[in-house]
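Chain by chain, the residues:
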Amino acid sequence: MAMNIKRPNGTEDVLPKDVYKWHTIEKIARETAESFGFSEIRIPTFENTDLFLRSVGETTDVVQKEMYTVKAKETEFTLRPEGTAGTIRALLQNGLLNEALPQKVFYMLSCFRHERPQAGRLREFHQFGLEMAGSASPAADAEVISLASTLLSRLGLKNVELHINSIGCPSCRAKYHEALRAYFEPHLEELCDTCKERFVKNPMRLLDCKSPICKEMGKDAPVILDYLCDECKDHFEIFKKHLETFGIDYVIDPKIVRGLDYYTKTVFEFITNEIGAQGTVCAGGRYDGLIEQLGGQHIPALGFAMGIERILLLMEKLGCDYLTPKKCDIYFATMGDAALAKVMELVKGLREYGYCAEYDLMGRGVKAQMKYANKIGAAYTMVIGDNELNEGRARLKEMETGHEKELKLDDKFTANFENEYFNKVLDVMDAENSSMFAFTGEDK
Ligand code: ATP
Ligand code: MG
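The structure presented is a predicted model; accordingly, all values stated were derived computationally and were not measured.

So, unusual backbone geometry
Then comes step 1: For the peptide bond that leads from leucine 101 to proline 102, omega is 0°, which places it in the cis range.
Then comes step 2: Here proline 102 lies in the loop between helix H4 (84-93) and strand E5 (103-112).
Then comes step 3: In this structure, asparagine 159 takes a positive phi of about 60° despite not being glycine.
Then comes step 4: A positive phi is found at lysine 265, a non-glycine position, where the angle reads about 50°.
Then comes step 5: Tracing the sequence through the fold places lysine 265 in strand E9 (residues 264-272).

Some remarks on a positive patch on the surface
Then comes step 1: Where like charges cluster on the molecular surface, the positive patch consists of Arg364, Lys367, Lys371 and Lys375.
Then comes step 2: Looking at the secondary structure, you find lysine 375 in helix H13 (residues 366-375).
Then comes step 3: What makes lysine 375 exposed here is its relative accessible area of 73%.

Brief notes about the state of the cysteines
Then comes step 1: According to the stated counting rule, one finds 0 disulfides in the structure shown.
Then comes step 2: Cysteine 282 takes part in no disulfide bond, and the closest cysteine sulfur to it belongs to cysteine 111, at a distance of 13 Å.
Then comes step 3: Residue cysteine 282 is classed as buried on the basis of its relative accessible area, which comes to 1%.

A closer look at the domain arrangement of the protein chain
Then comes step 1: Split into domains, the protein chain comes out as domain 1 (19-169 + 229-318) and domain 2 (330-436).
Then comes step 2: Placing the centre of domain 1 and that of domain 2 at their C-alpha centroids yields a distance of 47 Å.

Some words on the site of ligand 1
Then comes step 1: Arg113, Glu115, Arg121, Leu122 and Arg258 are the nearest of the 15 residues found near ligand 1.
Then comes step 2: Side-chain polar atom of lysine 210 to an oxygen atom of ligand 1: 3.0 Å apart, as the coordinates give it.
Then comes step 3: Note that an oxygen atom of ligand 1 is positioned 3.2 Å from one of the side-chain N or O atoms of arginine 310.
Then comes step 4: When isolated, ligand 1 has an accessible area of 590 Å², and the protein chains bury 92% of it.
Then comes step 5: Looking at the shell around ligand 1, the elements with two or more residues in it are strand E6 (124-133), strand E10 (280-286) and strand E11 (301-307).
Then comes step 6: Among the elements that take part in the shell around ligand 1, E10 stands out by supplying 3 residues, more than any other.
Then comes step 7: Residue composition of the shell around ligand 1, by class: 5 nonpolar, 4 polar and 6 charged.

Here we look at the pattern of salt bridges
Two side chains bearing opposite charge may form a pair once their charged atoms approach each other closely.
Then comes step 1: In this structure the tally under the stated criterion is 28 salt bridges.
Then comes step 2: Of the charged contacts, one joins lysine 27 and glutamate 31 as a salt bridge, the two residues approaching to 3.0 Å between their closest N and O atoms. A residue pair is termed a helical-turn pair when its members lie 3 or 4 positions apart in one helix, as lysine 27 and glutamate 31 do in helix H1 (residues 19-35) at 4 residues.
Then comes step 3: Lysine 27 sits in the partly exposed class, given a relative accessible area of 42%.
Then comes step 4: Residues aspartate 288 and arginine 286 are paired through a salt bridge, measuring 2.8 Å at the closest nitrogen-oxygen approach. No difference in accessibility class separates aspartate 288 from arginine 286, as the two residues are buried.

With respect to helix H6 (residues 170-184)
Then comes step 1: The end-to-end C-alpha separation of H6 is 20 Å, in line with the 21 Å expected for 15 residues at 1.5 Å each.
Then comes step 2: Within H6, the full set of buried residues consists of Cys172, Arg173, Tyr176, His177, Ala179, Leu180 and Phe184.

Some thoughts on the packing of H1 against helix H11 (residues 308-318)
Then comes step 1: Where H1 contacts H11, the axes come no closer than 11 Å and their chain directions differ by 110°. If you check the angle between H1 and H11, you find them roughly perpendicular. Once H1 is placed against H11, the crossing between them reads as right-handed. Along its contact with H1, which presents Lys21, Trp22 and Ile25, the element H11 presents Ile308, Glu309, Ile311, Leu312, Met315 and Glu316.
Then comes step 2: Of the residues contributing to the contact of H1 with H11, the split by class is 6 nonpolar, no polar and 3 charged.

Focus on the sheet that holds strand E4 (residues 75-79)
Then comes step 1: A sheet is described by the order of its strands in space; here 3 strands give the open sequence E2-E4-E3, paired in antiparallel fashion. Edge positions in the sheet fall to strand E2 (46-48) and strand E3 (69-72), since each of these pairs with one other strand and no more. Averaged over neighbouring strand pairs, the angle between their axes works out to 40° when direction is ignored.
Then comes step 2: Pairing of E3 with E4, which is carried by 4 bridges, proceeds in the antiparallel orientation. Looking at the pairing, threonine 69 lines up with threonine 78 of E4.

Cut-offs and rules
- Residues numbered from 1 in each chain as written.
- Chains lettered and ligands numbered in written order.
- Predicted model: local features only at pLDDT ≥ 70, side-chain atom pairs only at ≥ 80, totals over all residues.
- Heavy atoms only, no water.
- Helix = DSSP H or I, 4+ residues; strand = E, 2+ residues; numbered from the N terminus.
- Patch = residues over 30% accessible without salt bridge, like charges linked within 9 Å, V, L, I, M, F, W, Y side chains within 5 Å.
- Areas by Shrake-Rupley, 256 points an atom, 1.4 Å probe, with all protein chains shown as cover.
- Salt bridge = Lys/Arg side-chain N within 4 Å of Asp/Glu carboxyl O.
- Lys, Arg positive; Asp, Glu negative; His and termini not counted.
- Charge placed at Lys NZ, Arg CZ, Asp CG, Glu CD.
- Buried < 20%, exposed > 50% of the residue type's maximum accessible area, 1.4 Å probe, protein only.
- Disulfide = S-S within 2.5 Å.
- Domains from an automatic or database assignment.
- Near = heavy atom within 4 Å.
- Polar contact = N/O pair within 3.5 Å; in protein donor to acceptor, adjacent residues only side chain to side chain.
- Nonpolar A, V, L, I, M, F, W, Y, C, P; charged D, E, K, R; others polar.
- Expected span 1.5 Å × (residues − 1).
- Axes fitted to C-alpha atoms, helices over the stretch in contact; angles between N-to-C directions.
- Parallel < 35°, antiparallel > 145°, perpendicular 65-115°, else oblique.
- Left-handed = near helix turned anticlockwise from the far one by under 90°.
- Contact = heavy atoms within 4.5 Å.
- Pairing = 2+ DSSP bridges.

What follows is the structure in structure tokens.
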């Protein structure tokens, strides 16, 4: 019977031939986060639905339209649409917020949102994100942005612009909401249904609507920066100075209000024009009220999340470099059962040294085995048959150069192979050194 079950819309397979691109992002993200003193946290894929209702917020797209809520037996759960709620839940539940602050954690995880799939917008997507809990200082805002900006530049990403805004605290927002209601009131009938509800419950969300009509209508809406209280205004001013100290360029963008309810004060997005409409590759901000809202003490916090698929789209578009994928170091072509047994012994030793060693498992002839070795890009090959077994030696062939060298098939085999490999590295260094000297010579 033909297999015709396909993957669900809005999901993706990452094939072995492409996975090194993911490894590149994951490795550089992990190293960058660790160099800022963040540690990894891993949280469940699903949580109690209430967690998202209480944190992400009722008037957001995520809660209103996008959550995957499943009922298993009598209990209801929701697949995480983002990482912040679960991370803060985990920090609270495990008592980490009673330990030395700030707590600094990062995560790499899949998220689930029922959206209309398009380039850069999936139903299962992946985020690299982080949260810092404990600091109210604007230096923390700049620190977190510096981490994101460092990561983007280490990945080789250019043409990404940092947009910042402040959406104030609940006290300045109350005044702003009144101003927004006054502005939108005469056009209330023209707004989309979701925005009619937002008008009542959370008018700032109107500015985050993706419908072209609501967007157009919001063009000349009052901006929150004009309504900030003194404390929020100071915070924003000092934050901008810190960005300047780090040498990070930014534009102030009053249209950034962020889709999730829990933000306060600083909000930001890194945006590119290179990958079409879904150009926000990283988004985040401060959420000083969230921990309390979830039953903890009043502990200020902030964070961001990067969409890994969008980062990849941008890396492909810009032709960025990736880390070299691991390939076969040595492939053994064998003739006969005795040779196979010997090779099984040899690969065991090599693998313990960390080499990738492979041999024929298909029962192919030597010629076909060599063809396969070529196809998988083996750096070295070695043919072992009766002659080699009798003499206790075999020829190691470097595939790139055709250079051959005889090695003994004894207990020192692994060490001898290692030497051969090491010599090759030295050759490369020599070649690089000599061109470096040649260059200095010319310079004089
Ligand atoms: P958008 O406005 O694009 O819908 P959002 O405000 O819903 O984004 P956040 O909740 O802030 O997004 O998520 C952080 C990041 O995760 C986004 O900036 C984006 O890079 C990525 N992201 C969000 N939703 C998706 C999705 N459906 N598919 C792929 N990446 C996504
Ligand atoms: Mg969204």
